[in-house]
Amino acid sequence: QVQFVESGGGLVQPGGSLRLSCAASGSIFSIYTSGWYRQAPGKEREWVASITNGGGRTNYADPVKGRFTVSRDNAKNTMYLQMNSLKPEDTADYYCNAPSTLGGRASGSWGQGTQVTVSS
């Protein structure tokens, strides 16, 4: 299975931006639709965004549409999540996963995640 290392999280004020990175092991990552997920304290993990293997199609959960952008660089085996106009409700641990689907169904292994805290 593909292994992941997420990074880029931190503390940001409401309205601010962060860019998360997901480094995947192995070039096989490039053949998979991949996704971002998050888990807020006391809640179940939820899907955030997905991108097809070539990057031509993306899909987003309603709470992040228009604010988050998923992208990938297969030459670097890396996926990104640009998060703008952050809100306190975006506070969560963020994870990436592949294989995934545009609808958010994940079937790969989970990494350690990266923590995002949105607070003034």
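Our subject is the structure listed above.
Treat the numbers as computed from the prediction; the structure is a model and nothing was measured. (Residues numbered from 1 in each chain as written. Predicted model: local features only at pLDDT ≥ 70, side-chain atom pairs only at ≥ 80, totals over all residues. Heavy atoms only, no water.)

Q: Would you mind showing me how to read the sheet that holds strand E7 (residues 68-73) here?
A: Hydrogen bonds along the backbone pair up the strands of a sheet, which may run parallel or antiparallel. What the four strands build is an open sheet, ordered E1-E3-E8-E7; its pairing is antiparallel. Strand pairing shows two members of the sheet lacking a second neighbour, strand E1 (4-7) and E7, which therefore form its edges. On average, adjacent strands in this sheet sit at an angle of 15° to one another, irrespective of strand direction. With six bridges joining them, strand E3 (residues 18-24) and strand E8 (residues 78-83) adopt antiparallel strand pairing. Along E8, the bridge assignment pairs Leu-20 with Leu-81. (Pairing = 2+ DSSP bridges. Helix = DSSP H or I, 4+ residues; strand = E, 2+ residues; numbered from the N terminus. Axes fitted to C-alpha atoms, helices over the stretch in contact; angles between N-to-C directions.)

Q: Would you mind showing me how to read the packing of aromatic side chains here?
A: One pair of aromatic rings is described through two measures. These are the centre distance and the angle between the planes. If you walk through the whole model with that rule in mind, you get three aromatic pairs. With 5.2 Å between their ring centres and 90° between their planes, Tyr-37 and Trp-110 make a pair best called edge-to-face. Of the two residues, Tyr-37 sits in strand E4 (residues 34-39) while Trp-110 sits in the loop between strand E9 (92-97) and strand E10 (114-118), which places them 73 residues apart along the sequence. Among the aromatic residues, ring-to-ring pairing joins Tyr-37, Tyr-95 and Trp-110 into one connected group. It is Arg-19 that lies over the ring of Tyr-80; its NZ or CZ is 3.9 Å from the centre. Directly above the aromatic system of Tyr-95 lies the positively charged group of Arg-45, at a separation of 4.6 Å from the ring centroid. (Phe/Tyr/Trp six-rings, centres within 6.5 Å; stacked < 30°, edge-to-face > 60°. Lys NZ or Arg CZ within 6 Å of the ring centre and 35° of its normal.)

So yeah, pure geometry; function would need other evidence.
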